[in-house]
Amino acid sequence: MNTPSILLFPQTIPYPSFIEKSLKKLDKFLVLQLPLTEEKWKTGYQELLPKVEFLKFKKDKIRGEDFLKKHFYQLKEWALYLRDLENLKILEKYKDLWRGPEGFNFFKEDDPLSPEERAILVLMLAEDIDFNMSEAEKGIQTFEKKMEELFQKGLLIEESFNSLKHFQETTLPGTLFNLSLRIKMWKILFPWIDFSFSTGVKLLLTEKEWGEELEALSLLSEPKVVGLVFLSDLNG
């Protein structure tokens, strides 16, 4: 089997969007498969999907996808709940009910998560953020294209058009959220990824500065990491 050695890192989907252009130049590349990763690729990146080979976890180390999906959706529901200030007030007011020894212990974990499972959930949440940002970016680009057409036809004044462009530039950061935490989670997961068909991987990084972050967290010392590849190398 001719195994690709370039691993998209630390994200699991092509966000920020400028990564897509570089990935198209590769014949194949590796992507870590979290429980919802393939579904997101099929939804948003079908053109690139034939180039992807998914890295899976060792079956005897990580519990099934349904188990992880359940916890992931619970975390998302809690995140939505805690965004509301009134809900936070209620939670604080009745905290004894939630945590009391005789009350219903809402936060009790009957089935504790392993460090590896927690790391997967963190990366799943990061992946979800990336995907939502990617979809928002595509929507804004479509909207901007429509505004450009209206501007060219004289149906939109220049001031309004420039305001819309400024909105796009300031709304989408174009960078990965919480890079250090992602790398720490990868550090936990590397021993549990199935690299049995690969002699080693090169990590594909968006920014050269990330190499310092990897070195600081000792990720470059992982036996399967044989080097780094930067987008500038692919585009050069």
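What you see is a predicted model; the values in this text were computed from it and never measured.

**Description of the packing of aromatic side chains**
Stage number 1. Counted by the stated rule, this structure contains seven aromatic pairs.
Stage number 2. Measuring from centroid to centroid gives 4.7 Å for Phe9 and Trp186, while their planes differ by 65°, and the two rings are edge-to-face. In this pair, Phe9 is assigned in the loop between strand S1 (6-8) and helix H1 (19-23) and Trp186 in helix H8 (residues 179-189), connecting sequence segments 177 residues apart. Neither Phe9 nor Trp186 differs from the other in exposure class; each is buried.
Stage number 3. A network of ring pairs unites the aromatic residues Phe9, Trp186, Phe190 and Phe195 as a single cluster.
Stage number 4. Over the face of the ring belonging to Phe131 we find Lys40, whose NZ or CZ atom lies 5.6 Å from the ring centre.

**Some thoughts on the layout of surface pockets**
Stage number 1. The calculated volume of the second largest pocket comes to roughly 240 Å³.
Stage number 2. Forming the walls of the second largest pocket are Gln33, Leu34, Pro35, Lys56, Phe57, Lys58, Lys59, Ile62, Arg63, Gly64, Glu65 and Leu68.
Stage number 3. Taken together, the residues that form the lining of the second largest pocket break down as five nonpolar, two polar and five charged.

**Comments concerning the pairing of strand S4 (residues 201-205)**
Stage number 1. Among the five residues of S4, four are classified as buried, and the element is accordingly described as predominantly covered.
Stage number 2. Taken together, the five bridges between S4 and strand S5 (residues 225-230) define a ladder with parallel strand orientation. Bridging from a neighbouring strand, Leu204 pairs with Val229 of S5.
Stage number 3. Considered for its hand, the β-α-β crossover made up of S4, helix H9 (residues 210-216) and S5 is right-handed.

About the thresholds
Residues numbered from 1 in each chain as written. Predicted model: local features only at pLDDT ≥ 70, side-chain atom pairs only at ≥ 80, totals over all residues. Heavy atoms only, no water. Phe/Tyr/Trp six-rings, centres within 6.5 Å; stacked < 30°, edge-to-face > 60°. Helix = DSSP H or I, 4+ residues; strand = E, 2+ residues; numbered from the N terminus. Buried < 20%, exposed > 50% of the residue type's maximum accessible area, 1.4 Å probe, protein only. Lys NZ or Arg CZ within 6 Å of the ring centre and 35° of its normal. 1 Å grid on protein atoms, 1.4 Å probe; cavity = no way out; pocket = protein on both sides within 12 Å on 5 of 7 lines; lining within 4 Å. Points joined across faces, edges and corners; volume = space filled by probe spheres on them. Nonpolar A, V, L, I, M, F, W, Y, C, P; charged D, E, K, R; others polar. Pairing = 2+ DSSP bridges. Right-handed = clockwise from strand over helix to strand, strands pointing away.

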